[in-house]
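Read off the chains here:
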Amino acid sequence: MYSNYNTEEKCLNPSQLHIFYTMRRLWNEHVLWTRQFIVSSIFNNPDLEAVTQRLLRNPSDFGMVLRPFYGNRATQEFVELLTDHLLIAAALVDAGKAADIQEYDRQRRLWFENAEMIARLLASINPYWSQREWRDMLFKHLELLEDAVVMILNKEYEKGVAQYDLIQAQAYEMGDVMAKGIIRQFGL
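The structure presented is a predicted model; accordingly, all values stated were derived computationally and were not measured.

*Asks:* Any chance you could break down the overall build of the protein for me, citing the residues and the numbers?
*Replies:* Tallying secondary structure elements over the protein gives five helices and zero strands in all. N-terminal to C-terminal, the α/β element order of the protein is α-α-α-α-α. The C-alpha atoms of the protein give a radius of gyration of 17 Å, which matches the 16 Å a tight globule of 188 residues would have. With the C-alpha coordinates of the protein rotated into their principal frame, the extents come out at 50 × 35 × 30 Å. Residue burial in the protein is summarised as follows: out of 188 residues, 48% are buried. At a minimum sequence separation of 6, the contacts of the protein that also span at least 24 residues come to 70%. Counting only carbon and sulfur atoms, one obtains 53% of the accessible surface of the protein, whose full area is about 9,600 Å².

This is the structure we're talking about:
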């Protein structure tokens, strides 16, 4: 399930380990705070504002890490697209809570279009990042999250918890692919 970067074939140096750790941490935080947002939003928890603010910090956290590699323009575009990804997800959850099928379908379409744009951007800035691979991973990410929202809305809590395990494993895969591409591109 994890990336094709076989650590057994090559010992990783401290810089490479740091990049793998950082990318996994950022993607893990992305899905952790997304899940917390979903739960807080669906149940109208009093922590919703604080959780939302923390979740919306995630794109900037990515930006701080990516900026030294990709400069201001590409990094800012990624930050904006990832922020849009989160805002669309929030609108999707709201439409699901309201059982507004038309709005849900509209937000879902926007969400997948946003994922296409993220995949295209990533492929354009790193020759070791495949647009197709990123598209497939991001679409899988969206499908897993969407299923989790439905499970929580349907009060299938045990299934929702098990779903989060899949979401987290897939987040680590995205982190590994991101780290592998940076290491290869910059000869680290």
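Next comes the rest of the description.
*Asks:* Go over the environment of A91 with me, naming the residues and quoting the values.
*Replies:* Examined against the element boundaries, A91 turns out to sit in helix α2 (residues 48-97). Using a relative accessible area of 23% as the deciding quantity, one classes A91 as partly exposed.

About the criteria used
- Residues numbered from 1 in each chain as written.
- Predicted model: local features only at pLDDT ≥ 70, side-chain atom pairs only at ≥ 80, totals over all residues.
- Heavy atoms only, no water.
- Helix = DSSP H or I, 4+ residues; strand = E, 2+ residues; numbered from the N terminus.
- Rg over C-alpha atoms; globule rule 2.2 N^0.38 Å.
- Buried < 20%, exposed > 50% of the residue type's maximum accessible area, 1.4 Å probe, protein only.
- Contact = heavy atoms within 4.5 Å.
- Areas by Shrake-Rupley, 256 points an atom, 1.4 Å probe, with all protein chains shown as cover.

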